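The residues making up each chain are set out below.
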Amino acid sequence: MLVAGSLLTIGCEEKKQASANNFDYTVEKFADLQILRYQVPGFDELDLKQKELIYYLSQAALEGRDILFDQNGKYNLRIRRLLEAIYVNYQGDKNNPEYKNLETYLKRIWFSNGIHHHYGCEKFAPGFTPEYLKEVVLSLDNTQLPLTDGQSTEEFCAEIFPVVFDSSIMPKRVNQADGEDVVVTSACNYYDGISQAEVEVFYGNMKDSNDITPISYGLNSRLVKENGVISEQVWKIGGLYSSAIEKIVYWLKKAEGVAENAEQRAVINKLIAYYESGDLRTFDEYAILWVKDTDSRIDFVNGFTESYGDPLGMKASWESLVNFKDLEATKRTQTISDNAQWFENNSPVDDKFKKDEVKGVSAKVITAAILAGDLYPATAIGINLPNANWIRAEHGSKSVTIGNITDAYNKAAHGNGFGDEFIYSNTERNWVDQYGDITGDLHTDLHECLGHGSGKLLPGVDPDALKAYGATVEEARADLFGLYYMADPKLVELGLLPNEDAYKAEYYNFLMNGLMTQLVRIEPGNNIEESHMRNRQLIARWVLEKGASENAVQLLKKGDKTYVVVNDYQKVRQLFGELLSEIQRIKSTGDFDAARTIVENYAVKVDPELHAEVLERYKKLNLAPYKGFVNPVYEAVYDADGNITDVLVSYNEGYAEQMLRYSRDYSSLPSINN
Ligand code: ZN
């Protein structure tokens, strides 16, 4: 997937004028977060059956929220429920600074779906004391607290407080540190009582290197060791998370009844069968049906999908996205996918790693109708699924760019001073002003629609061979594929770029972000952990170093400020191509040692001096480095017979209001899930 990476989004003045329609994109700001809202243009023009379908799928989407909280850490639901009980019921002084900090802490937990930062993975430090929290908890009625059977308030506090306050307990949700047992040291709830080595042996024994259509081992289960026995607790009806999955399936069955066509009905039906059985072969059958359904206007993701939250990259967090095709904007991505084979054939990677036949890269621009699970409130702006390599190779993949989300980012960022502070000169600023939006969208399209879908593994190579480095390498591959082609005259020829200078906006943005400005998301002293950020620094640092002898890119000081200067854009393109070739080789051959070396050398460590400078300059701009969204509210209108006669969409809900509503109406899991 692609997360909004470049913090720089500049729209031209004209565009801003044209869209001045009184819609307020901003909701609120706290900690390092800004909450935005997005519009769903085109919803009102859908027909009733389509609206009904979106409504049911949205309900199915919201029902999975608690699953993600529990996946992200086994105390998350209890801590969230405790803080919500305080937020709703506490009668004491709500202007007290400690209370204010407690409120911020809860808002951050809502945002992260747990007690760790959604992006950096470190545990939040609460801005209030255990004594204060104890006093507040004791002022509540016992029945308002998420106590387990027979537990006293005292026992509850003794169990939960260390998790909240002791920084040495569960310090990281996902730990990627080289040389450590990443399973034992990660707080995510995908493994229990088991070591990394045991996990690797367990799944290693299951895998058959001759199987050319392997299931996604471990995708939908927690792996536990009890009384010396290792087993999977599968997430399905009758298994782990059953009560939430039953609700999801209830709404999916309603959706099935109003599907647009037989193909879509089959997709929904197969997904239900998978939720009922937990069988990963059924999941693959579902994924294949889903890839082939390209004609439906409405589409959705609902399930255990991406594995960024597992240090070993096997177990998938729950997410959902309901959307419909933006017919006009999809013409752009259609052009790209129509030419997919040309791009594959002409890429700079070794011929033996190329796909002979690029199958069914279907690309579209979509309008998000609801974001849920691991796509809420922070969301990707592009998605490419399914993830199984053999399905992509044999049946293709679907690639989407989320148009209304990108648009909301752009509108909210306009004129925020970021470019003035960090861009080197007027030349680059003009490029970015003129072409930054188009090239940003186009790079996202190329990343999703061609990059992830390109290349192949050599026969017998384990798709998980790169282990903890796999995600970074995969994202780098997709980004590089897009970057390499951004500067290709073919894009101008296809009418995707207006001229042969436009790509420079994306090159400049990308390098500035990877070398400098993405560091605003990292706390002083920390390394880079998140795989998209690692990938961007890897590419930018590698190009800086390899182009040094020819001065292709430099970090230049003007006064006490550092700037990225690109002296030779064509050389940069050549280097992107060389790195793409090497990264594809690493992926295709499963070269773990090379993956580790390149990631550890370029992607992880941060220059502390430059970091401090970037943070200082960014701070003065008073911006939030991370953004997320509240959803629209959908209301079904029923007639006397219980039939839906209309679905209304509104945009007035506040952040806390929405979170509390979700916790009230879509929260069917117990506080402890074993
Ligand atoms: Zn990606």
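Just so you know, these numbers come straight off a predicted model, no measurement behind them.

Calculation notes
Throughout, residues of each chain are indexed from 1 in the direction in which the sequence is written. With the structure being a predicted model, the display of local features is reserved for residues of pLDDT at least 70 and the display and counting of side-chain atom pairs for 80 or more, all residues being used for whole-chain, interface and lining totals. Only heavy atoms go into the side-chain values, all of them from the structure, while hydrogens and water stay out. Strands here mean DSSP runs of E at least two residues long; helices mean DSSP runs of H or I at least four residues long; both are numbered from the N terminus. Think of a 1 Å grid over the protein atoms and nothing else: a 1.4 Å probe that fits but is trapped marks a cavity, an open set flanked by protein within 12 Å on at least five of seven lines marks a pocket, and residues with an atom within 4 Å of a point count as lining. Grid points are joined across faces, edges and corners, and a volume is the space filled by probe spheres set on the points. Under this grouping Gly is polar, as are all residues other than the nonpolar Ala, Val, Leu, Ile, Met, Phe, Trp, Tyr, Cys and Pro and the charged Asp, Glu, Lys and Arg. When DSSP finds two or more bridges between a pair of strands, those strands are recorded as paired. Think of each axis as a best-fit line through the C-alpha atoms, taken over the contacting stretch in the case of a helix, with angles from 0 to 180 degrees between the N-to-C directions.

Overview of unusual backbone geometry
Put simply, Tyr376 and Pro377 share a cis peptide bond, and its omega is -5 degrees. Position of Pro377 relative to the elements: it lies in the loop between strand E9 (361-373) and strand E10 (380-385). In this model, Leu385 is joined to Pro386 through a cis peptide bond whose omega is 0 degrees. Counting through the fold element by element, Pro386 comes out in the loop between E10 and helix H14 (389-395).

Remarks on empty space enclosed by the protein
This structure, assessed with the given rule, holds four cavities of 30 Å³ or more. Estimated volume of the largest cavity: approximately 60 Å³. What lines the largest cavity is simply Trp290, Asp299, Val301, Leu321, Asn323, Ile383, Leu385, Lys398 and Val400. Contributions of two or more residues to the lining of the largest cavity are made by strand E7 (298-306), strand E8 (317-325), E10 and strand E11 (397-402). When its residues are assigned to classes, the lining of the largest cavity shows six nonpolar, one polar and two charged.

Section: the sheet that holds strand E6 (residues 229-234)
The strands that make up a sheet are held in pairs by hydrogen bonds between backbone atoms, and each pair lies either parallel or antiparallel. Read from one edge to the other, the open sheet built from three strands follows the order E4-E5-E6, with strand pairing classed as mixed. Pairing within the sheet leaves two strands with one partner each, and these edge strands are strand E4 (191-192) and E6. Sheet topology note: the E4/strand E5 (residues 221-226) ladder contains two bridges and is parallel. Paired with Tyr191 across the two strands is Leu223, which belongs to E5.

Topic: the sheet that holds strand E3 (residues 33-37)
Taken together, three strands build an open sheet; the order of strands is E2-E3-E14 and the sheet is mixed. Across the chains shown, the open sheet's two edge strands, defined by having one partner strand only, are strand E2 (26-30) and strand E14 (626-630). Pairs of neighbouring strands in the sheet enclose a mean axial angle of 25 degrees, with direction left out of account. Where E3 lies against E14, five bridges are found, and the strand directions are parallel.

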